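Structural overview
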Amino acid sequence: MSTVRGARERARVEVTAAIKDEARNQLAADGAAKLSLRAVARELGMVSSALYRYFPSRDDLLTALIVDAYDAVGEAAETAWARARDAAAPHPARWVAVACAVRDWALTHPHEYALIYGSPVPGYTAPLDTVGPASRVGQVLIGLVRDAHRAQGVAVPPPAAELRPEAARMAADLAADLPPAAVVALVSAWAQLSGLISFELFGQFDRVVEAREQFFRHAVQELGRSVGLLDGRSAGAGRRSG
């Protein structure tokens, strides 16, 4: 029985992977809004009723693709961070390495990036299953800033008075061990990082920015400074403000 069960489980894994692969082909060709279980089944030579045993609805298949995409870009960020730490790279260099890893993944998987960071899919509401995977890149950025804060402090100007209650709430929710000002700056930088990648991926830099990689590195270095990641020349100020 165990041999039969194992064969069935392997077959299910293989069919599930094939369904996802064909769904990604449809994302590339027609976009997420036109994803169709019937079309996926037809391309795979399956009857629709058989496919429904794997994914009962289009939304279930979309959720699986979204979770896979978030996990993939999250793994890329985590791997870049781990390698930079193992190499004892300075904190600003770790920030750039992570940002570049996210960009590289997006350029290699543009349709999956669009699925998770592009326009919402009409009629689809992401379930709670997506929250953990969606937070992986953010957790890397928080961890990176946390490491810098523990090592030398971070130099971030205090938020405006009207933002301080929100800054305190954000810090309590996201990273209670970081100064609220750093958390506000980090969330802003995270959004701007996504904007930089989206502008490049979706053609907003056409006829504007030609040296894309050099421009990106410069921009993310500035974002690193905005969250208080300090180079050696300003590390002393960071320790005093931490």
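Let me sum up the structure you'll find in this document. (Residues numbered from 1 in each chain as written. Predicted model: local features only at pLDDT ≥ 70, side-chain atom pairs only at ≥ 80, totals over all residues. Heavy atoms only, no water.)

Counting 67 residues, the largest nonpolar core has Leu 61 and Trp 95 as its most contacted members. Residue contributions to this core peak at 11 residues, all from helix 4 (residues 58-86). Ignoring anything within four residues of it in the chain, the contact list for Trp 95 reads Leu 141, Leu 144, Val 145, Leu 186, Ala 189, Val 220, Leu 223, Gly 224, Val 227 and Leu 229. (Core = buried A, V, L, I, M, F, W, Y, C linked by side-chain atoms within 4.5 Å. Buried < 20%, exposed > 50% of the residue type's maximum accessible area, 1.4 Å probe, protein only. Helix = DSSP H or I, 4+ residues; strand = E, 2+ residues; numbered from the N terminus. Contact = heavy atoms within 4.5 Å.)

Overall, the coordinates contain 4 aromatic pairs when judged by the stated rule. Relative to Tyr 117, the ring of Tyr 70 lies with its centre 6.0 Å away and its plane at 90°, an arrangement referred to as edge-to-face. Of this pair, Tyr 70 sits in helix 4 while Tyr 117 sits in helix 6 (residues 110-117), placing them 47 residues apart in sequence. Residue class for Tyr 70 comes out buried when judged on its relative accessible area of 13%. Centroid distance Tyr 113 to Tyr 117: 4.7 Å. Interplanar angle 40°. Geometry classified as tilted. One end of the pair is Tyr 113 and the other is Tyr 117, both in helix 6 and 4 residues apart, which spans about a single turn. The buried category is assigned to Tyr 113, whose relative accessible area is 1%. Grouped by ring-pair contacts, the aromatic residues Tyr 70, Tyr 113 and Tyr 117 constitute a single cluster. The ring of Trp 81 is capped by Arg 85, whose NZ or CZ atom sits 3.9 Å from the centre of that ring. Its end group placed over the ring of Phe 216, Arg 103 keeps NZ or CZ at 5.4 Å from the ring centre. (Phe/Tyr/Trp six-rings, centres within 6.5 Å; stacked < 30°, edge-to-face > 60°. Lys NZ or Arg CZ within 6 Å of the ring centre and 35° of its normal.)

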